[in-house]
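Report on the structure
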Amino acid sequence: MASDARLIQAVQRATRKLASSGNFDVLMRDVLGICVDAVGASGGTIYLHEDTTNRLRFQYVLPADIADRLPSKDIPDDFGMAGEAFQRQQTILHEFEEKLPADWNAFEVATGVQVRSMVTTPLMIEGEPPIGVVQLINKNGAAFTSSDAAVLDIVASVATMAFLNFKLSEESSRASTLLGMGKVGHDIGNLAASLHATLSAGDLTKNHLLAKHQSSPKNLTIEDCIETISPIFDDLRNSVDRIVGYAHLISDMSAGRPLRPEKRVSPLAQTIESSAQYLETDARSNHVGIRYDIDMDAPPMLHDDLYVFRIVQNLVGNAIKAVKEVLPENWTPGDPYEDNVPIFGDVTVRYCFDGELHTIEVHDCGPGMSKETIRRILSGNARSQWDKAGGSGWGTKIVLELAATHNGVVSIDSTPGKGTTFRVAFPHKVE
């Protein structure tokens, strides 16, 4: 009877708590915490399955302070007891003989925790493949029992339902965002087309003025005006071309069409610098400085100029948002055109070539991020984590997809409280 009461209590608690979890990381932590409490375990680990690699990837561990000491963060989905429970789709109980420290396994050596008993439960609902595994160790004062297994089976089912509901809600939100972005991209393309027409008319006027000037006595004022206007028209045309290209890019991505980079051999340095410079006004108004360390002598490579431009803008824009998180609480937006705007934090844009790789780095002095957040960003499933500057997470998804078209590899170095560096490395290619 006590066992039945415990089962009902665990299910009720799981249902209430998991139904209110609106954050992925909180959801994973709650699932593990509920499982540990429900059976009186001393700790445990939760993994989610990654279909593309057939691996179980680490999500959360209790006690949380041993996370950095774990010997591995992901395992094949058929490895060990976790893999066995996942493949067999059933809970597995196991007890271990007392061992001397010299005989401890890698987990025990790394964490200092000897495993005496273990229960491993697949996260699944009946009739569906499992989405992951919960593995608990060392029941307080006893071995895990079939009653514990029954409790975990039910809690795991409720947790799986909560996770699937969370993913459905997230995918619905992303689908709505993509649909809206596709429509906006189409509208932007139409507006940019009208700008092209206006520029063409301006070109005709400029050329007419130039022809008249060349057939008449020299007028230094007119000559100065023509010399001033010509580069302005060139800049406007380049900007409009980028707007049109980006509108087409967004439309393709929102519709699920394959990306179509138009690659040519040219230097990367100027594109990287000018992309970041577009954001200097926004950065200064938020008391953020942008610094540069760019190798202008790096050799040209085969790339799509718009794609690189967009990658840098997205990374620098996100870095500015990160720095804003650590600004003084009483800060107010400044006038970016004043010389004495106080700078409270920096974003650094670096670019170098080492003979094999063209590497772009964007470093911020923001609050940093956890290893789990980094993993989610690199898997393309992240949303904005910043309180002062929200976002859909679509910007980093774009970076990943654009980099992939150039065989680029995106990596992240970050430590909570010490800032973040996003890195995109492209293999050198000229044909």
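Figured I'd write up the structure that's included with this text. (Residues numbered from 1 in each chain as written. Predicted model: local features only at pLDDT ≥ 70, side-chain atom pairs only at ≥ 80, totals over all residues. Heavy atoms only, no water.)

Further remarks concern the side chain of Ser 117. Note that Ser 117 resides in strand 5 (residues 117-123). Here Lys 139 takes part through its backbone nitrogen, which lies 3.4 Å from a polar atom of the side chain of Ser 117. Excluding residues within four positions of it along the chain, Ser 117 makes contact with His 94, Glu 95, Phe 96, Leu 136, Ile 137, Asn 138, Lys 139, Ala 142 and Phe 144. (Helix = DSSP H or I, 4+ residues; strand = E, 2+ residues; numbered from the N terminus. Polar contact = N/O pair within 3.5 Å; in protein donor to acceptor, adjacent residues only side chain to side chain. Contact = heavy atoms within 4.5 Å.)

Let's shift gears to the sheet that holds strand 11 (residues 357-364). An order of 8-10-11-13-12 is seen for the 5 strands of this open sheet, with the pairing classed as mixed. Edge positions in the sheet fall to strand 8 (288-294) and strand 12 (409-414), since each has one partner strand and no second. Direction aside, the axes of adjacent strands within the sheet are offset by 15° on average. Inspection of the sheet shows strand 12 paired to strand 13 (residues 420-427) by 6 bridges, in the antiparallel sense. Note on strand 13: the bridge partner recorded for Asp 413 is Thr 421. (Pairing = 2+ DSSP bridges. Axes fitted to C-alpha atoms, helices over the stretch in contact; angles between N-to-C directions.)

Turning our eyes to something else, we now look at the environment of Arg 264. With respect to the element layout, Arg 264 can be found in strand 7 (residues 264-266). For the pair Arg 264 and Glu 431, spaced 167 residues apart in sequence, the C-alpha to C-alpha distance is 8.5 Å. Those residues in contact with Arg 264 that lie beyond four places of it in its chain are Met 301, Leu 302 and His 303.

Enumeration according to the criterion identifies 12 salt bridges in this entry. Taking the shortest distance from any N to any O, the salt bridge between Arg 57 and Glu 50 comes out at 2.9 Å. Of the two residues examined, Arg 57 and Glu 50, each falls in the buried class. Salt bridges sharing common partners tie together Glu 50, Arg 55, Arg 57 and Asp 74. (Salt bridge = Lys/Arg side-chain N within 4 Å of Asp/Glu carboxyl O. Buried < 20%, exposed > 50% of the residue type's maximum accessible area, 1.4 Å probe, protein only.)

Further remarks concern the pairing of strand 1 (residues 41-50). Among the 10 residues that make up strand 1, 9 are buried, leaving the element largely enclosed by the rest of the structure. Inspection of the sheet shows strand 1 paired to strand 2 (residues 55-62) by 7 bridges, in the antiparallel sense. Paired with Gly 44 across the two strands is Leu 62, which belongs to strand 2. Once strand 1 ends, the chain turns through 4 residues before running back antiparallel as strand 2, passing Asn 54 with a positive phi of about 55°.

Turning our eyes to something else, we now look at unusual backbone geometry. At the junction of Leu 62 and Pro 63, the peptide bond is cis and its omega measures out at -5° in the coordinates. Its location among the elements puts Pro 63 in the loop between strand 2 and strand 3 (74-76). The backbone of Gln 89 sits at a positive phi, close to 60°, despite the residue not being glycine. With respect to the helices, strands and loops of the structure, Gln 89 is situated in the loop between helix 3 (80-88) and strand 4 (92-95). Look at Gln 89 and you get partly exposed, because its relative accessible area is 40%. Notably, His 287 is not glycine yet its phi reads approximately 65°, a positive angle. Examined against the element boundaries, His 287 turns out to sit in the loop between helix 8 (280-285) and strand 8.

So, about the side chain of Ser 285. Along the polypeptide, Ser 285 turns up in helix 8. Owing to a relative accessible area of 15%, Ser 285 belongs among the buried residues under this scheme. Within polar-contact distance, the side chain of Ser 285 engages the backbone oxygen of Asp 282 at 2.7 Å.

All right, on to the pairing of strand 2 then. Pairing of strand 2 with strand 3, which is carried by 3 bridges, proceeds in the antiparallel orientation. Residue Leu 56 lies in a different strand from strand 3, and its bridge partner there is Ile 75.

All right, on to helix 9 (residues 305-324) then. The terminal C-alpha atoms of helix 9, which comprises 20 residues, lie 29 Å apart, in line with the 28 Å expected from a rise of 1.5 Å per residue. The buried fraction of helix 9 is high, at 17 of 20 residues. Of the residues flanking the start of helix 9, the one acting as N-cap is Asp 304, its side-chain oxygen 2.8 Å from the backbone nitrogen of Leu 306. (Expected span 1.5 Å × (residues − 1).)

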